[in-house]
Amino acid sequence: MIQLDTRFYDFVKAHSGEDPVKLRLRYGGDKSDDSIKYALDHMACVAKAGNKFTLDNGDSWMPELMLNPLSVEQASSANVAKSRAFLIDEELKILDMTCGLGMDIRGFLTRNPKEVTGIELNHLSAEVAAVNFAKYNNVKIIEGDSVEYLKAIDDNSYDLIYIDPARRDKNGGRVYNLHDCLPDLTEILPEMLKKSPMVMAKLSPMLDVTQTISDLPGICRLIAVEEKGECKELLAIIKRGFSGEPLISVGLGDNAMSFTQSEEKESPITYADPKEGMWLYVPSASAMKAGCFKLMSSRFDMSEIAPNSHLYISDKQNDAFPGKAFKIDEVVDFASSNIKRLASRVKSGEITVRNFSFTSAELQKKLKLKPGNGCRIFATTTSSGKKIMILTDKKSTDVD
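Residues numbered from 1 in each chain as written. Predicted model: local features only at pLDDT ≥ 70, side-chain atom pairs only at ≥ 80, totals over all residues. Heavy atoms only, no water.

Asker: Explain the environment of Ser157 to me, please; I cannot follow it from the model alone.
Answerer: Residue placement: Ser157 occurs in the loop between helix H8 (146-152) and strand S4 (160-163). Measuring from C-alpha to C-alpha, the distance between Ser157 and Lys195 comes to 5.4 Å, with 38 residues separating the pair along the chain. Separated by 2.5 Å, the side chain of Ser157 and the backbone oxygen of Asp154 make a polar contact. (Helix = DSSP H or I, 4+ residues; strand = E, 2+ residues; numbered from the N terminus. Polar contact = N/O pair within 3.5 Å; in protein donor to acceptor, adjacent residues only side chain to side chain.)

This is the structure:
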């Protein structure tokens, strides 16, 4: 059992902000002093975490103890853990089958649960979690195999079961397929739904949405979770007995765009060419993962430039669009003469290509454009097959 004494806390406080590598060189020689060893490991993890465990409002959710950098990498961020927790009711009895560092449990605690049980297979990780939640009377950490624990408990033991299957194989290599993750959610899901009416599963963002819905019967909602411009996860909410069509959501917020795949399939869409003065809309990473391409046109009264561009235009600015908006300054045909003129007057900027014959790097070289905060250029092909370059205001507007 890990016991932290005043030497641990004093050392961490005294050397806060210092380079953990240099600290280890100076103080890591004494292997007999567990307090200093824990402190050095913890401070290396703090450095790795950066602001991952700091909420947008500035509040810190930094764990009291961290010893494994991999656990920091695999843990949910504080903002995502908190936002995810607001999808559930208060005062539930919750089982976390893959406790890890416990950031997800920390999120659930904001919902005043009756009880949270965290299961952790790794001995050291279980001890660390026990330290971090020692002050919470409604949190219990158990070291062991969560699948065996699941089989041993009575039906309806919990109101919610949460799981984040490990995306690494026994040799430490990355895996993405549901069947390759540990534990295999597709195998244990029926047992989970016996023990709880609702399952929440954090899944790889690399998974295909349609295949995930097929692999996990009972999904009532599938959420593409985004943070800092990246789709970080697919979050599946699975309910016992649910047989309807799942709702797919873009983001965790209250105003997230939600739809069914049938709505997307049946949605009408219009195509149009961009013009100076219009707004150009670029879907977020989570919107792209969710696959709501046709719905963008009908939901937000805008046109797509071409079927495979996933770039949208409108005369109006729409703050509800899940992505970024750019004001179009100019639209230029992709021709040698225009490339030369553009290269002579635009010296720096960023290039995005969609459904185009050149990569961003190739076009950057052609235009002799230096990376920087100059113009933002989108190169694409219209529905009529014309290649164009769209010059926009360098500053985008987040509208999701």
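Asker: Explain empty space enclosed by the protein here, please?
Answerer: The probe, sized like a water molecule, is rolled over the atoms to show the empty space still left. Counted by the stated rule, this structure contains two cavities of 30 Å³ or more. The computed volume of the largest cavity comes to approximately 60 Å³. A per-class count over the lining of the largest cavity returns four nonpolar, four polar and no charged. Its boundaries defined by the atoms lining it, the second largest cavity holds a volume of some 30 Å³. Taken together, Pro165, Arg167, Tyr176, Leu178, Cys181, Lys202, Leu203, Ser204 and Leu207 form the lining of the second largest cavity. Across the lining of the second largest cavity, the residue classes break down as six nonpolar, one polar and two charged. (1 Å grid on protein atoms, 1.4 Å probe; cavity = no way out; pocket = protein on both sides within 12 Å on 5 of 7 lines; lining within 4 Å. Points joined across faces, edges and corners; volume = space filled by probe spheres on them. Nonpolar A, V, L, I, M, F, W, Y, C, P; charged D, E, K, R; others polar.)

Asker: What am I meant to see in the packing of aromatic side chains here?
Answerer: For any pair of aromatic rings, the description consists of the separation of the ring centres together with the inter-plane angle of the planes. For the coordinates displayed, the defined rule picks out eleven aromatic pairs. Taking 5.2 Å as the distance between ring centres and 90° as the angle between the ring planes, the aromatic pair formed by Phe8 and Tyr9 counts as edge-to-face. Taking the relative accessible area as the measure of exposure, Phe8 reaches 1% and is therefore buried. Judged by relative accessible area, Tyr9 falls into the partly exposed class, the value being 37%. Considering the side-chain rings of Phe334 and Phe358, the 5.5 Å spacing of their centres and the 55° angle between planes classify their relative orientation as tilted. With Phe334 in the loop between strand S13 (323-333) and helix H14 (336-345) and Phe358 in the loop between strand S14 (348-354) and helix H15 (360-366), this residue pair connects regions lying 24 residues apart in the sequence. Three or more aromatic residues joined by ring pairs form one cluster here, namely Tyr281, Phe300, Tyr312 and Phe321. Here the basic side chain of Lys93 rests over the ring of Tyr158, its NZ or CZ set 5.4 Å away from the ring centre. (Phe/Tyr/Trp six-rings, centres within 6.5 Å; stacked < 30°, edge-to-face > 60°. Buried < 20%, exposed > 50% of the residue type's maximum accessible area, 1.4 Å probe, protein only. Lys NZ or Arg CZ within 6 Å of the ring centre and 35° of its normal.)

Asker: Please clarify how the pattern of salt bridges should be interpreted in this entry.
Answerer: Side-chain pairs of opposite charge can arise whenever the charged atoms involved come near each other. Evaluated as defined, the whole model comprises 19 salt bridges. Note that Arg345 and Glu330 form a salt bridge whose closest N and O atoms lie 2.8 Å from each other. Placement of Arg345 in helix H14 and of Glu330 in strand S13 is noted, with a sequence separation of 15 residues between them. Using a relative accessible area of 47% as the deciding quantity, one classes Arg345 as partly exposed. (Salt bridge = Lys/Arg side-chain N within 4 Å of Asp/Glu carboxyl O.)

In short, geometric facts, not functional conclusions.
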